[in-house]
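Structural overview for review
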Amino acid sequence: MFFQDLSGAHSSVEPATPQAGRIANLWWVMFYVSVAVLALVTAALIYAVFRRRSAREQTAPVDLSPNTNRERKATRAAAVALAVTIAILFVLLGLSFTTGRAVSFLSNESPLEIKAVGHRWWWEFQYVDPVPSRGFITANELRLPQGRQIVLTLTSNDVIHSFWAPNLMGKKDLIPGQESRLIFRPEKQGVFRGQCAEFCGFQHAQMGFLVLVESDGDFSDWYNHESQQAVQPSNDSEKRGRQVFLSSTCVMCHTIGGTPANSNIGPPLTHLASRTSIAAATLTNSRENLAKWVTDSQKIKPGNRMPPNVLGPENLDDLLNYLTSLK
Amino acid sequence: MTMREGILLFPRPARRSPPALRLRVVGMGALALLIFQAACKREERGFRVQPPSASAAEGSRMTDFQPGPRTPESPVKNEYEDNAYALSEGKRLFQEYNCSGCHFNGGGGIGPALMDDEWLYGDKPENIFETIVEGRPNGMPSFRGKVPDYQVWQLVAYVRSLSGQVGSNAAPGRSDHMQTSSPEQSRPRESPKLSGKPR
């Protein structure tokens, strides 16, 4: 529906990290081994079907007398097939064990630490900075610097979710009251898509997020900008829009840095306009979509936690002017 | 065995049941349907809803004292009290909107307790609605314009469940977080009384 240009952005066979690369390799090994096994079994089956007894054999009385030579040959064939099967399974087990070890390996360099918190139905990403005032929280969009090791700490606020960005890494569950970790190093720039992979309620299927891997320079520019408070409204309409925001239901759930709006129930909106999507990577971030979402989000994603908002046309216009100015 | 005996082995075609019996069967069926319908309401999840009684709360009185003879009030029915989903949403909002900041988990602390039988400003749904929307002197803030009407009604239903005023078939049975007291579902039903002054 949206993001038509994101082909290959949600694929485990187009890895963007060495970790996902190991997983992709393992997948291809398993794929080819399985194809070979399937081909062999099918060939044996077809051979058995066509090598049916001839018409003369069918009419002749069946010879049931013990034939040690034939018995021995059949036993040997079955034993060889069994041994090969077990050997293949052990090889795959070993490969998956070594892959599992390789992808959970933490190198010595200082990693970038990010905390991901699952909510019904959006993603919260907390960038933890050694200087606390420089840390910030963003939603549904994970920006990462290319070539740096990332340690993602996962937890949940309500039910079990699962973090799954196949280009970066395998799945890992977000469990309330418990922290788990994902370690990877993005080495390819680009936009990738992630998705909740553990059924978590009404909007589970549309609980997505975007991962933007950028060069170091771009990333630190963005990082410095995100650690700032929200921009001040520059004209009267935007000022009125801020007033609408602060005096209505919005303020009960959302944060805009530098204003009294400071609630952490819904996604933070401090730099809303700098994000590419809204509604957990469901809609592109345009003024029109924002208007639809603010007024009646239940039509777009039934069951989500955002209440419908009845605003007069002028108030809505001002509010949208303000929200779209939050670069 | 003759042919005739064979046929007789099968039961005779049933005679038409007497009218009284038929009436009873129809009655039972209707009753069962009614029960099923009531049960369905418990599970209904409305996402684009009208509040159960918009502006109904505005008719509520602050005092029983009236000019002339007392006239009965028209009761306000909060349909969310029969609905498990709305009640659990109310429970979630009670935490998220920080009602628990003052009322704690219903036991009271900074604000009055909500799980006992004492009501300073009335225990009826419309009274509680007004308490939330208008605010009350000495500490209860006004949430007018900050919380949509339907969410206020969900909160009202949940607040009443704290003292066992709603049916146990719909009241929440568990908490998302650590259970602090017996679940709303198994609270004893308090008999509310208008009482006292604000502490």
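See the structure above.
On a predicted model such as this, the values are computed, not experimentally measured, just so you know.

**Some details on the overall build of chain A**
Tallying secondary structure elements over chain A gives 7 helices and 12 strands in all. A compact globule built from 327 residues would reach a C-alpha radius of gyration of about 20 Å, whereas chain A, at 28 Å, exceeds it by more than 25%. With the C-alpha coordinates aligned to their principal axes, the bounding extent of chain A is approximately 100 × 50 × 35 Å. Within chain A, the proportion of its 327 residues that are buried is 43%. Of the contacts made within chain A by residues no fewer than 6 positions apart, 64% connect residues no fewer than 24 positions apart. Working note: accessible area of chain A is about 17700 Å², and carbon and sulfur atoms make up 58% of it. Charge-centre separation for chain A: the mean point of 31 positive side chains lies 12 Å from the mean point of 27 negative side chains.

**Examining the pairing of strand β4 (residues 141-145) of chain A**
All names here are of chain A. The element β4 is largely enclosed, with a buried count of 5 among its 5 residues. Of the two faces of β4, the one carrying E141, R143 and P145 and the one carrying L142 and L144 are both buried. Here β4 pairs with strand β10 (residues 208-214) via 5 bridges, running parallel. In the strand pairing of β10, R143 is matched with L212.

**So, the interface of chain A and chain B**
Contacts between the two partners involve 19 residues from chain A, matched on the other side by 17 residues from chain B. Both sides together, the interface formed by chain A and chain B hides about 1400 Å², and carbon and sulfur atoms give 61% of it. By the criterion of area lost to chain B, the three top residues of chain A are F202(A), M252(A) and R305(A), representing 35% of everything that side buries. Where chain A touches chain B, the interface holds 1 residue pair in polar contact (both at pLDDT 80 or more). Going through the elements one at a time, α5 (236-247) and α6 (287-300) of chain A are the ones with two or more residues in the side of chain A that touches chain B. Looking at the side of chain A that touches chain B, its residues break down into 9 nonpolar, 6 polar and 4 charged.

**Digging into the sheet that holds β4(A)**
All names here are of chain A. An order of β4-β10-β9-β6-β7 is seen for the 5 strands of this open sheet, with the pairing classed as mixed. The sheet terminates laterally at β4 and β7 (172-174), the two strands that pair on one side only. Neighbouring strand axes in the sheet, compared pairwise and without regard to direction, differ in orientation by 25° on average. Pairing analysis gives 2 bridges linking strand β6 (residues 161-164) to strand β9 (residues 190-196), with the strands arranged antiparallel. Its bridge partner being in β9, W164 is matched across the sheet by Q195. Sheet contacts for helix α4 (residues 216-226): β4 and β10; angle to β4, the most-contacted strand, approximately 130°.

**A short note on the packing of aromatic side chains**
Tallied over the full model, the rule gives 20 aromatic pairs over all chains. Summarising the aromatic geometry, the rings of F94(B) and Y158(B) are spaced 5.4 Å apart at their centres and angled 65° between planes, so their arrangement reads as edge-to-face. Of this pair, F94(B) sits in helix α3 (residues 84-96) while Y158(B) is found in helix α6 (residues 149-161), placing the two residues 64 residues apart along the sequence. Note on Y158(B): relative accessible area 4%, which makes it buried. Linked through ring pairs, Y127(A), F136(A), F219(A), W222(A) and Y223(A) together constitute an aromatic cluster.

**Details of the sheet that holds strand β5 (residues 150-156) of chain A**
Residues and elements named next belong to chain A. An order of β3-β2-β1-β5-β8 is seen for the 5 strands of this open sheet, with the pairing classed as mixed. Strands with a single pairing partner mark the edges of an open sheet, and in this sheet they are β3 (136-139) and β8 (180-184). The average undirected angle you get between the axes of adjacent strands in this sheet is 25°. Of the strand pairs in this sheet, strand β1 (residues 112-119) and β5 are connected by 7 bridges, and their pairing is parallel.

**Overview of the pairing of β6(A)**
The pairing of β6(A) with β7(A) spans 3 bridges and is antiparallel. Each bridged residue has a counterpart across the sheet, and for F163(A) the counterpart in β7(A) is K172(A).

**Digging into the side chain of N289(A)**
All names here are of chain A. Mapped onto the elements, N289 comes out in helix α6. Looking at N289, the relative accessible area reads 10%, which means it is buried. Filtering out sequence-adjacent residues up to four positions away, N289 remains in contact with I278, L283 and T284.

**Considerations on the pattern of salt bridges**
All names here are of chain A. The full count for this structure, using the stated rule, is 18 salt bridges over all chains. The salt bridge involving D129 is made with R134; its shortest N-O contact spans 3.8 Å. E187 is the salt-bridge partner of R185, the closest N and O atoms lying 3.8 Å from each other. Judged by relative accessible area, which is 44%, E187 ranks as partly exposed.

Reading the values: the criteria
Residues numbered from 1 in each chain as written. Chains lettered and ligands numbered in written order. Predicted model: local features only at pLDDT ≥ 70, side-chain atom pairs only at ≥ 80, totals over all residues. Heavy atoms only, no water. Helix = DSSP H or I, 4+ residues; strand = E, 2+ residues; numbered from the N terminus. Rg over C-alpha atoms; globule rule 2.2 N^0.38 Å. Buried < 20%, exposed > 50% of the residue type's maximum accessible area, 1.4 Å probe, protein only. Contact = heavy atoms within 4.5 Å. Areas by Shrake-Rupley, 256 points an atom, 1.4 Å probe, with all protein chains shown as cover. Lys, Arg positive; Asp, Glu negative; His and termini not counted. Charge placed at Lys NZ, Arg CZ, Asp CG, Glu CD. Pairing = 2+ DSSP bridges. Buried area = accessible area lost by both parts, 1.4 Å probe. Polar contact = N/O pair within 3.5 Å; in protein donor to acceptor, adjacent residues only side chain to side chain. Nonpolar A, V, L, I, M, F, W, Y, C, P; charged D, E, K, R; others polar. Axes fitted to C-alpha atoms, helices over the stretch in contact; angles between N-to-C directions. Phe/Tyr/Trp six-rings, centres within 6.5 Å; stacked < 30°, edge-to-face > 60°. Salt bridge = Lys/Arg side-chain N within 4 Å of Asp/Glu carboxyl O.

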